[in-house]
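Letter by letter, the chains look like this.
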Amino acid sequence: MTQAVRQFAAGAGLLLRGVALYARSPRLVLLGLIPSLISFMIFATALVVLVVFLSDLAELVTWFADDWSAGWRRLARLAAEAAILGVGALLGVLSFTAVTLLIGDPFYERISERVEDRLGGAPGLVEQPWWRSLRRSAADSARLIGRSLTLGVPLFLSGLIPVVGQFVVPVVGAAVAGWFIAVELVGVPFGRRGMALAERRRALAAHRPLAVGFGVSVFLCFLVPLGAVLLMPAAVAGGTLLARRALGLPVTA
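Computed from a prediction, not measured in an experiment: that's the story for all the values here.

Analysis parameters
- Residues numbered from 1 in each chain as written.
- Predicted model: local features only at pLDDT ≥ 70, side-chain atom pairs only at ≥ 80, totals over all residues.
- Heavy atoms only, no water.
- Axes fitted to C-alpha atoms, helices over the stretch in contact; angles between N-to-C directions.
- Helix = DSSP H or I, 4+ residues; strand = E, 2+ residues; numbered from the N terminus.
- Parallel < 35°, antiparallel > 145°, perpendicular 65-115°, else oblique.
- Left-handed = near helix turned anticlockwise from the far one by under 90°.
- Contact = heavy atoms within 4.5 Å.
- Nonpolar A, V, L, I, M, F, W, Y, C, P; charged D, E, K, R; others polar.
- Phe/Tyr/Trp six-rings, centres within 6.5 Å; stacked < 30°, edge-to-face > 60°.
- Buried < 20%, exposed > 50% of the residue type's maximum accessible area, 1.4 Å probe, protein only.
- Lys NZ or Arg CZ within 6 Å of the ring centre and 35° of its normal.

**Student:** Explain the packing of helix α1 (residues 2-23) against helix α10 (residues 208-223) to me, and be specific about the residues and the numbers.
**Tutor:** The N-to-C vectors of α1 and α10 enclose an angle of 45°; their axes lie 6 Å apart at closest approach. Considering their axes alone, α1 and α10 lie oblique with respect to each other. Where α1 crosses over α10, the handedness of that crossing is right-handed. Facing α1, whose interface residues are Ala 4, Gln 7, Phe 8, Ala 10, Gly 11, Ala 12, Leu 14 and Leu 15, α10 presents Pro 209, Leu 210, Val 212, Gly 213, Phe 214, Val 216, Ser 217, Val 218 and Cys 221. Class assignment of the residues belonging to the contact of α1 with α10 gives a composition of 13 nonpolar, four polar and no charged.

**Student:** Quick one: what's the story with the packing of aromatic side chains, residue by residue and with numbers?
**Tutor:** Taken as a whole and assessed by the stated rule, the structure comprises four aromatic pairs. Their ring planes at 75° and their centres at 6.0 Å tell us that Phe 43 and Phe 96 sit as a pair that is edge-to-face. Taken together, the positions of Phe 43 in helix α2 (residues 26-52) and Phe 96 in helix α4 (residues 70-103) put the pair 53 residues apart, joining distant regions of the chain. Residue classification places Phe 43 among the partly exposed positions, given a relative accessible area of 23%. For the ring pair Trp 63 and Phe 64, a centre distance of 5.8 Å and an interplane angle of 80° mean the geometry is edge-to-face. For Phe 64, a relative accessible area of 37% puts it in the partly exposed group. Aromatic ring contacts, followed pair by pair, group Phe 43, Phe 96 and Phe 222 into a single cluster. One cation-aromatic arrangement involves Arg 208 over Trp 179; the distance from NZ or CZ to the ring centre is 4.3 Å.

Next up, the structure:
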């Protein structure tokens, strides 16, 4: 248990190191912000729509409470609103990460390459056309989002349970989101080596507390207003460090 906690904390530290590495390249700072800003505007609009229709959605999914007393009916719908927002945040952050990586693929390739060059290079690189890399990244992201959707349903239903939904589910949801975000953010360095999604998962599974610690720290930062815009490029740099750790490569110069 102690070792797992240490690994979790070390994973969170990779994001901080990613920030430090990324900040050393002012030109990349500006380039890396462009795709995250585009994605932010798209998902901010989606969030506004979700909030506007939140009460209607809560009524829709709590149809069984229509005949309850006013107090219990209101309590059920408040729990539904919290569950919808929680699952929406989880899926929104995962989707934001996937879409931003696709939009900014050339920029994030450059950031990842710069990080690896500073750490002694990247052995095992595979040359491939940009369009093939982009197509594979899109397919991998779609599969990851699909998997997260299947987990979103039981999390939403659990969120309707008093106490469990308000205290246990957010913790479990953050851990689940952290794992998927970590798998997404190592896509660039693994893709440069010609390694598919299944190989990514296997490599990270051997360092699960480290990967989850990194992913959870990114997830929590992305929940902060504008955090996703400002930290997405640094998260890619941190993901490159995580990939190197999983592949047994040095992460210090």
